[in-house]
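Coordinates in review
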Amino acid sequence: MPAKETIKPVSEATGPMGESSPLKEISVRTVETTKRIDEPQRRSKVSIKGINAWFGSKQALKNINLEIEENAATAFMGPSGCGKTTLIRCLNRMHEMTPGAKANGQVILDGIDIYDKSIDPVVIKRRIGMVFQKPNPFPTMSIFDNVAAGLKLNGVKDKKLIKEIVEESLEGAGLWEEVKNELDKPGMGLSGGQQQRLCIARALAMQPEVLLMDEPTSALDPIASFKIEELVHQLKKHLTIIIVTHNMQQAARVADHAAFMYLGEMIEYGKTLQIFQYPKQELTEKFVSGKFG
Amino acid sequence: MLILVAFAVGEGALPIFSQEGFQFITGTDWNAVYGRESFGALPYIIGTLLSSAIAMAIGVPISLGIAIFVTEMAPHRISTPLSFVVELLAAVPSIIYGLWALFVFRFWIRDLIERPLYEHLSWIPFFDKTPFGLDIFTAGIVLSIMIIPIISSITREILRVVPNSQREAAYSLGATRWGTLRTAVFPYARSGILGASFLGLGRAIGETILVTMIIGNAIGPAAIPTTLFSQGQSLASLIANEFNEAASDLHLSALIGLGAILLLLSMVINIGARLMVSRMVKAVPGGRE
């Protein structure tokens, strides 16, 4: 995934910046220079190719192209309504479950297009986990059952195996030490931040390859948010993480790559450092310097 | 208000309870002839409970099915008219159901359901009686039609307020539509669905005119149903049948006594339902309701 390819969609896009050709020239040249200082190239886990999405007749995403690196964290950022949540929901085919919503294009996960007609969206969601804005544990279930829910849904019956995976997942979500003595207590009895980590554990129990996080800290206080961010650093060692955030500091703290979106278009995508320090697009520069958004 | 009613009913029923004592509840005779008066309510208690149980056994699953279909499965252009039609059923006065059942529906039930059951399954005691059409079974079925709109429309609303985040949580774990219902939707809505069912049950127990028209109006020991196809009598239907022609004060008091039992029965069911619901809600800190 050379940086040049990464930036190509931007110049192709007919966005607010698309018509200004001098800027395009500059961005291509900058890419050539940044390429040399790139660390050794890592594998692309998810390729987003020409994704368009609609709510009814309103187009929410316009021809998005993006390569997501394996075992790294990628942040989608942008002002409210820019389509970042819609985009992340397109990556596990959750978007189309909203009445009236549809999407087309390709999302290629390890060589398989998840929008292919032969693919069952249910199976895709087992490989791509998701964590939502508001913690949403199942209210009638205990902590243990919450984490085991996905396994049970997919027909895992082996109690010993379930127990092992639940423990592993809670450890993975940094919650084990806090709840190991009260696994049979209701999940709703936990604090907001713990609930969100419970939801992360629930997603981890499915042993996903990609974890989508849709503004996972927007409903949490700063300390709980910090813990989630720490967790992202841990998890990305073995997991491809895509995180939506409207919080630029958070993107800067957790993400290796960042994508800036505006009005349903991908404005700029690159290494987080580059996006924040040397943005190529004027809009990105305005956003990261806090002039709007 | 409830206290006033309970007081009036209790006072009216006092003579019969002092005359018959506990016999009034456990007895089976019903004789209003002057001088040989004897009143026992047991057959009608059984008739009430049995017809309501049949109504629930048929009505609740169908109502759940309708509510699930409307909220979780059907596309909008089907679900809206369908729920409208089901709700329209709730607006039909029960006497209309009664007339329809009396003149049309009971023959369908007799010929299409009861006869085949009798012919093939009469070795099961439930079905061992030549069906006639005006019996407890028919009453239960027609009652179920009457309670389906109530239960299904309340259940529909309850399913509708299950937050989408719950459904998405299940879907994101790779749940199928059924898995999502089972894991996310039902547990969240179960206390509400239970409440809806008990509301339907309350309606079925108290329903008078419809039952009077089709339950067969048996009296005395003969009103103890030995099969599902027996003619029976419910508390409410007996009151309706005899209230106008109550021959003596004691007869009148006996009918009011039936009312007292009916009131008690509905209260017990209602309070029982409340307790069940609140215990479920307590199991869920932060749960709704």
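These remarks concern the structure in this document. What you see is a predicted model, and the numbers here were worked out from it, not measured in a lab.

This part is about the interface of chain A and chain B. The interface of chain A with chain B comprises 24 residues on the first partner and 22 residues on the second. Buried surface at the junction of chain A and chain B, both sides included, amounts to about 1900 Å², of which 68% is carbon and sulfur. The largest contributions to the chain A side of the interface with chain B come from Phe138(A), Thr140(A) and Leu153(A), which together make up 31% of the buried area. Taken together, the connections running from chain A to chain B amount to one salt bridge. Among the salt bridges present, the one from Glu168(B) reaches Arg89(A), with a minimum N-O distance of 2.6 Å. Where chain A packs against chain B, one counts five residue pairs in polar contact (both at pLDDT 80 or more). For the side of chain A that touches chain B, the secondary structure elements donating two or more residues are helix H4 (121–127), strand S6 (128–131), helix H5 (143–153) and helix H8 (192–204) of chain A.

One finds Phe24(B), Trp30(B), Tyr44(B), Ile214(B), Leu235(B) and Leu258(B) to be the most contacted residues of the largest nonpolar core, which totals 56 residues. Among the secondary structure elements, those contributing two or more residues to this core are helix H1 (2–20), helix H3 (42–73), helix H5 (94–121), helix H6 (136–160), helix H8 (177–206), helix H9 (209–214), helix H10 (235–242) and helix H11 (249–282) of chain B. Sort the elements by how many residues they give to this core and H6(B) lands first, with ten residues. Core analysis: the second largest hydrophobic core is formed by 47 residues, Ala75(A), Ala148(A), Ala205(A) and Phe260(A) among them.

All told, the structure shown has 22 salt bridges over all chains when counted by the stated rule. The shortest N-O distance in the salt bridge between Arg43(A) and Asp110(A) comes to 2.9 Å. Remark: Asp110(A) occurs in the loop between strand S4 (101–109) and strand S5 (112–113) and Arg43(A) occurs in the loop between helix H2 (21–37) and strand S1 (44–55); sequence separation between them is 67 residues. Residue Arg43(A) is classed as partly exposed on the basis of its relative accessible area of 45%. Overall, Asp110(A) belongs to the partly exposed group, its relative accessible area being 31%. One salt bridge connects Arg156(B) with Glu157(B), and the closest N-O pair in it is separated by 2.8 Å. In this structure, a network of salt bridges that share partners links the residues Arg43(A), Lys45(A), Glu70(A), Asp110(A), Arg127(A) and Glu209(A).

Analysis parameters
Residues numbered from 1 in each chain as written. Chains lettered and ligands numbered in written order. Predicted model: local features only at pLDDT ≥ 70, side-chain atom pairs only at ≥ 80, totals over all residues. Heavy atoms only, no water. Contact = heavy atoms within 4.5 Å. Buried area = accessible area lost by both parts, 1.4 Å probe. Salt bridge = Lys/Arg side-chain N within 4 Å of Asp/Glu carboxyl O. Polar contact = N/O pair within 3.5 Å; in protein donor to acceptor, adjacent residues only side chain to side chain. Helix = DSSP H or I, 4+ residues; strand = E, 2+ residues; numbered from the N terminus. Core = buried A, V, L, I, M, F, W, Y, C linked by side-chain atoms within 4.5 Å. Buried < 20%, exposed > 50% of the residue type's maximum accessible area, 1.4 Å probe, protein only.

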